[in-house]
Amino acid sequence: MMTIQNDISEIVLSVEDIEAINTRLGERITADYEGKTPVLVGLLKGSIMFMADLIKHIDTHMEIDFMDVSSYVGTKSTGEVKILKDLSTSVEGRHILIVEDIVETGTTLNSIIEFLTYRKAASIEIVTLLDKPVPDRKLNVDVKYIGTKIPDGFVVGYGLDFDQQYRNLPYIGLLKPEFYS
Ligand code: 5GP
Ligand code: MG
Ligand code: MG
């Protein structure tokens, strides 16, 4: 059988690893946001599984919403993004927690934070499952909640894609180079 698991060279985070991370992050977020009714803003599509599992571990009143943004091709240096799907929640006065799958350069996040600041959010923080430190990180803010740091290398699964595929893998794995080169 040609399963997609055959395309993975190494499991970076197992289902159990991910569950442990979500439990830990959920407990911290519960404590930090008690009484604030935050809006967790998932960035589509990569954050879907993380969002779904993380919020099961958040035991305080909260809401979810989603945004889909894409980088403008050819204007990478300006870090401008195009909003493909906007929030349906009004941001003004709300405590926003952005839910990301992976932070690399931070370009996309910078634009989203600027946008949420303009819309007068009461506070803006970021939770990311994966933190991939790269030399050209441009993020202007600290990521408050980090699942785990991972070394350089292209990972897929648990929402993360290569060419829109592999999002359905229940764990995070390294894609064999022959599938993306
Ligand atoms: P940044 O704007 O921080 O440079 O890019 C972050 C975005 O790039 C992530 O939300 C994700 O969509 C994509 N990305 C970065 N590294 C990886 C990776 O190793 N695997 C996958 N599937 N996507 C990645
Ligand atoms: Mg993303
Ligand atoms: Mg992608």
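What counts, and at which threshold
Residues numbered from 1 in each chain as written. Chains lettered and ligands numbered in written order. Predicted model: local features only at pLDDT ≥ 70, side-chain atom pairs only at ≥ 80, totals over all residues. Heavy atoms only, no water. Core = buried A, V, L, I, M, F, W, Y, C linked by side-chain atoms within 4.5 Å. Buried < 20%, exposed > 50% of the residue type's maximum accessible area, 1.4 Å probe, protein only. Helix = DSSP H or I, 4+ residues; strand = E, 2+ residues; numbered from the N terminus. Contact = heavy atoms within 4.5 Å. Donors = N, O, S within 2.8 Å, 3.2 Å for Na, K, Ca; no water. Near = heavy atom within 4 Å. Polar contact = N/O pair within 3.5 Å; in protein donor to acceptor, adjacent residues only side chain to side chain. Areas by Shrake-Rupley, 256 points an atom, 1.4 Å probe, with all protein chains shown as cover. Nonpolar A, V, L, I, M, F, W, Y, C, P; charged D, E, K, R; others polar. Pairing = 2+ DSSP bridges. Right-handed = clockwise from strand over helix to strand, strands pointing away.

1. Description of the nonpolar core
It is characteristic of soluble globular proteins that their nonpolar side chains tend to be buried jointly.
Then, in step 1: Core analysis: the biggest nonpolar cluster contains 23 residues, and Ile 29, Phe 50, Leu 54, Val 127, Leu 130 and Ile 172 have the highest contact counts within it.
Then, in step 2: Among the elements of the structure, α1 (15-33), α2 (48-54), β5 (95-103) and β6 (123-131) are those that each provide at least two residues to this core.
Then, in step 3: It is α1 that contributes the most residues to this core, five residues altogether.
Then, in step 4: With residues up to four places along the chain from it excluded, the contact list for Ile 29 reads Leu 54, Ile 58, Leu 97, Val 127 and Tyr 145.
Then, in step 5: Counting 20 residues, the second largest nonpolar core, distinct from the first, contains Val 39, Val 69, Leu 109 and Leu 116.

2. A look at the coordination of the magnesium ion (ligand 2)
Then, in step 1: Here the magnesium ion (ligand 2) is held by the protein donor atoms Glu 100 (OE) and Asp 101 (OD), which lie 2.4 to 2.5 Å from it. Asp 101 shares its class with Glu 100; the two are buried.

3. Some details on the site of ligand 1
Then, in step 1: What surrounds ligand 1 is a group of 15 residues, the closest being Glu 104, Thr 105, Gly 106, Val 155 and Asp 161.
Then, in step 2: Lys 132 places a polar side-chain atom, nitrogen or oxygen, 2.9 Å from an oxygen atom of ligand 1.
Then, in step 3: Isolated, ligand 1 exposes 510 Å² of accessible area, and the fraction of that covered by the protein chains is 81%.
Then, in step 4: Top contributing element to the shell around ligand 1 by residue count: β5, with four residues.
Then, in step 5: Split into classes, the residues belonging to the shell around ligand 1 amount to five nonpolar, five polar and five charged.

4. Notes on the pairing of strand β3 (residues 63-71)
Then, in step 1: Pairing geometry for strand β2 (residues 39-43) and β3, over five bridges, is parallel. From the neighbouring strand, Leu 40 faces β3, where its bridge partner is Ile 64.
Then, in step 2: Tracing the backbone out of β2, into α2 and back to the parallel element β3 gives a crossover that is right-handed.
Then, in step 3: Examined bridge by bridge, β3 and strand β4 (residues 81-85) share four bridges and lie antiparallel to one another. When the sheet's bridge partners are listed, Asp 68 is paired in β4 with Lys 85.

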